[in-house]
There are 2 protein chains.
Amino acid sequence: MSAKQIYIAVVGVGGVGKAFLSQLEFLRQRLSKQNPPIDLRLVLARRSNKQLFSSSWEALNISTVVEQLEKSGAPPSPFNETIGQLARAPGRVVLVDNTSDQGIAQQYPLVLQRGISIVTPNKKAFSDKIDLWQSIFSSAANGTGSPSNGYVFHESTVGAGLPVISTLKELVETGDEVTKIEGVFSGTMSFLFNSFQPLGGGGGTFAAEVKNAKELGYTEPDARDDLNGLDVARKLTILARIAGLNVESPTAFPVQSLIPKELESCKSGDEFLQRLPEFDAQMDKVKNEATQEGKVVRFVGSIDVPSKQVKVGLEKFDASHPIAALKGSDNIINFYTKRYGSNPLIIQGAGAGGDVTAMGVTGDLLKVIRVLH
Amino acid sequence: MSAKQIYIAVVGVGGVGKAFLSQLEFLRQRLSKQNPPIDLRLVLARRSNKQLFSSSWEALNISTVVEQLEKSGAPPSPFNETIGQLARAPGRVVLVDNTSDQGIAQQYPLVLQRGISIVTPNKKAFSDKIDLWQSIFSSAANGTGSPSNGYVFHESTVGAGLPVISTLKELVETGDEVTKIEGVFSGTMSFLFNSFQPLGGGGGTFAAEVKNAKELGYTEPDARDDLNGLDVARKLTILARIAGLNVESPTAFPVQSLIPKELESCKSGDEFLQRLPEFDAQMDKVKNEATQEGKVVRFVGSIDVPSKQVKVGLEKFDASHPIAALKGSDNIINFYTKRYGSNPLIIQGAGAGGDVTAMGVTGDLLKVIRVLH
């Protein structure tokens, strides 16, 4: 039996992109052997300043494409032109956006309207202004709009490969009432607070732990990009919208920044880190208060659905609470629902890293392949 | 735009079946309003001694069907005849098997070959002899066999509505290496051991806790059906097979029964419960040994994939282990994989009960609806 072709366009070949390509090659081999076979063809590889496009629709070699892109990539066409070219493929096309590019995110509605599906860990597309969210889902075959062949999946935008979004969607779509979602949604914040106030005592000063987390590679190049809480706020925005709340943007609800007011004017991440110890006494106070109550401090996000309250910031948890017992840089997400009662449905594990983020993307690609006709 | 009809046949209208019907009505209303609309039509409701079949293919009223079945149900036709009738429906058909009937499970290959999809919490079909497993999946469109329109999903066979099977499948299908799966897979055993040896001390004698669990409705009518470990062994069989191990049957690996040898000959569950206190000293010894090591005893199942070892029984866990911290009758499943490293991917929550079991079935129905052409 002849194989059905599905054309894959990959944008972004950094850490997640490379891990995805490795999983794509695994998937390509597996699907080529199934009955009926599916022929996954990589036809576009693109990064900010270069692209390789197979105008003959023959497959690029997945294993060598990053190298080939470096060597012989052409300057990229404007993104909307590339989409126009992809829309002329002789079969279904899936765009895999492994970037965090706002410009590409803005084009998602157009991509979907052209019948091209999207799988992506790009949070920007789903956590920005609600107009963009509505525009994306009114253009998607699995959204609210007119039937097309453009499906969109974005599991890795929250908790990387952990089944967070698929689980929440299933709760909602099968008619459960989600009352509250609460968790640690940032690997960086998880590592930082599990080090700052480990269960059982100990931990260094806050500034020292931030420095340590940065040195171990757990923070963004500029740690302020983690400490401002925006990354967590973006994830909460996405989950709240799936739970049915019309959250306008990730700045439309209270988000506690761990950047002291006095340091907001720092010119660089380095200057910030140098001055952060001046505020250790404040954070020690927070920690000691928690200790006195038999609790620990964690940086969490929560969504109270009935009251439509979304917030991000420091909270205290009893030692026996699953959020207190988290280890390393793990994420934990607790879904409180009518069906699940007093004990939440909990999902826990690594919520960052190339391989697990790519796994969410590859899993989404599989979902698209299954529904594409 | 005219709605696509999908015909739903429900077998089993007990606790799970009734909860499913309520979710089906929710889903029917939602899908009738989506674009393009889908018209879910309940055309068969059946229990062991009665059935209602809509030979005109007009929809039965979901909200009143159980009552109607009681009042005006006909004696059921042989199951294979019913399948033959369903196969003549003027559209795609999904069989929802809410029973734990071995006889129906045996017919799954036939059902799938007739192009009828199956969603079910019936463990028997997937945990019996491996021949049946192979026969089912070689007949399924999402299996290894020839293309058909018969899809099969069985999320609720392990951990009820918790996303256990979908997560394991995604790990495997995206090329992760699952090294170990370990967890508490029985709500009964969870409740029993969380009561027998709570974290932090206390708990009654084993026999008293079994009696209490039975009185609170956490056990099967005959508690021996939980204590023999077979229910957990069936779940482990299913997961091991998905992880790639050819487990012959749920009795093909070590399963520790908590029914003392001397009580295997008891004539009734009541006699068993009366005599169980004779063995409290044995269980106290197990508990005290664990306490001395700073641990607690739990009834767990584990699959070591590289060494192909599957086993079910009592194990000791450090107080800091997530399995030790479990509450109430929750299940917990830890997936250790290459990508997730030393901290497993954890899924936790209620793993039994009508509503959450039905949720897994309804979620599977949604998956089938999405892939059906």
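About the cut-offs
Residues numbered from 1 in each chain as written. Chains lettered and ligands numbered in written order. Predicted model: local features only at pLDDT ≥ 70, side-chain atom pairs only at ≥ 80, totals over all residues. Heavy atoms only, no water. UniProt positions renumbered as here; feature names shortened; annotations may be inferred. Pairing = 2+ DSSP bridges. Helix = DSSP H or I, 4+ residues; strand = E, 2+ residues; numbered from the N terminus. Contact = heavy atoms within 4.5 Å. Axes fitted to C-alpha atoms, helices over the stretch in contact; angles between N-to-C directions. Domains from an automatic or database assignment. Buried area = accessible area lost by both parts, 1.4 Å probe. Salt bridge = Lys/Arg side-chain N within 4 Å of Asp/Glu carboxyl O. Least-squares fit on C-alpha atoms with pLDDT ≥ 70 in both. 1 Å grid on protein atoms, 1.4 Å probe; cavity = no way out; pocket = protein on both sides within 12 Å on 5 of 7 lines; lining within 4 Å. Points joined across faces, edges and corners; volume = space filled by probe spheres on them. Buried < 20%, exposed > 50% of the residue type's maximum accessible area, 1.4 Å probe, protein only.

Chain A is annotated in an unreviewed UniProt entry as Homoserine dehydrogenase from Pseudocercospora fijiensis. Under the heading Cofactor (unreviewed entry), UniProt records this for chain A: "a metal cation".

Details of the pairing of strand 9 (residues 309-318) of chain B
All names here are of chain B. Alignment of strand 8 (residues 295-304) against strand 9, held across 10 bridges, turns out to be antiparallel. Residue pairing across strands places arginine 298 opposite glutamate 315, the latter belonging to strand 9. Hairpin remark: strand 8 followed by strand 9, antiparallel, with four residues in the connecting loop; positive phi at lysine 308, about 60 degrees.

Some remarks on the sheet that holds strand 1 (residues 4-11) of chain A
Residue and element names in this part refer to chain A. Reading across the sheet, the six strands line up as 3-2-1-4-5-6 and stay open at both edges, with mixed pairing between neighbours. What marks the edges here is a single partner per strand, and that holds for strand 3 (50-53) and strand 6 (152-153). The sheet contacts of helix 2 (residues 65-72) involve strand 2 (38-47) and strand 3, and relative to strand 3 the element is tilted by about 115 degrees.

Considerations on the sheet that holds strand 8 (residues 295-304) of chain A
In sheet architecture, strand pairing relies on hydrogen bonds along the backbone and comes in two forms, parallel and antiparallel. Read from one edge to the other, the open sheet built from 10 strands follows the order 9(A)-8(A)-7(A)-10(A)-11(A)-11(B)-10(B)-7(B)-8(B)-9(B), with strand pairing classed as antiparallel. Two strands lie at the open edges of the sheet, namely strand 9 (309-318) of chain A together with strand 9 of chain B, each paired on one side alone. Mean inter-strand twist for the sheet, computed between neighbouring axes without regard to direction, equals 20 degrees. Sheet analysis places strand 7 (residues 178-184) of chain A next to strand 10 (residues 330-337) of chain A, joined by six bridges and oriented antiparallel. When the bridges of strand 10 of chain A are listed, isoleucine 181 of chain A appears paired with phenylalanine 335 of chain A. The strands that helix 9 (residues 187-196) of chain B touches are strand 7 (178-184), strand 8, strand 9 and strand 10 (330-337) of chain B; relative to strand 8 of chain B, the one it contacts most, it runs at about 155 degrees.

A few points about the domain arrangement of chain A
Bring the parts together and some accessible area is lost; that lost area is often taken as the interface size. All names here are of chain A. Each assigned domain of chain A is listed with its residue range as follows: domain 1 (4-160 + 356-372) and domain 2 (164-350). Here the C-alpha centroids of domain 1 and domain 2 sit 30 Å apart. On the domain 2 side, the residues contacting the 16 residues of domain 1 number 19 residues. In total, domain 1 and domain 2 occlude about 1600 Å² of area from one another, counting both sides; carbon and sulfur atoms represent 60% of this. Taken together, the links from domain 1 to domain 2 amount to two salt bridges.

Side note on the relation of the copies chain B and chain A
Its rotation angle being 180 degrees, the transformation that places chain B on chain A also includes 0.0 Å of axial translation and leaves an RMSD of 0.0 Å. Accordingly, the operation relating the two chain copies is best matched by a two-fold axis. The residues that chain B uses at the interface reappear at the interface of chain A in 100% of cases, marking a shared surface.

Some words on empty space enclosed by the protein
Residues and elements named next belong to chain B. Overall, the coordinates contain one cavity of 30 Å³ or more when judged by the stated rule. The space that makes up the largest cavity amounts to roughly 30 Å³. Together, Thr188, Met189, Leu192, Val210, Thr219, Ala223, Asp226 and Leu227 line the largest cavity. At the level of secondary structure, the elements contributing two or more residues to the lining of the largest cavity comprise helix 9 and helix 11 (224-227).

A short note on the interface of chain B and chain A
Taken together, the contact pairs 45 residues of chain B with 45 residues of chain A. The largest contributions to the chain B side of the interface with chain A come from Glu173, Tyr340 and Met359 of chain B, which together make up 17% of the buried area. For the interface between chain B and chain A, the tally reads two salt bridges. Put simply, the parts of the chain that give the side of chain B that touches chain A at least two residues each are helix 1 (15-33), helix 8 (165-173), strand 11 (345-350) and helix 15 (354-371) of chain B.

Points about the environment of aspartate 225 of chain B
Residue and element names in this part refer to chain B. Within the fold, aspartate 225 resides in helix 11. The class for aspartate 225 is partly exposed, based on a relative accessible area of 43%. Taking C-alpha positions, aspartate 225 is 27 Å from isoleucine 118, a pair spaced 107 residues apart along the chain.

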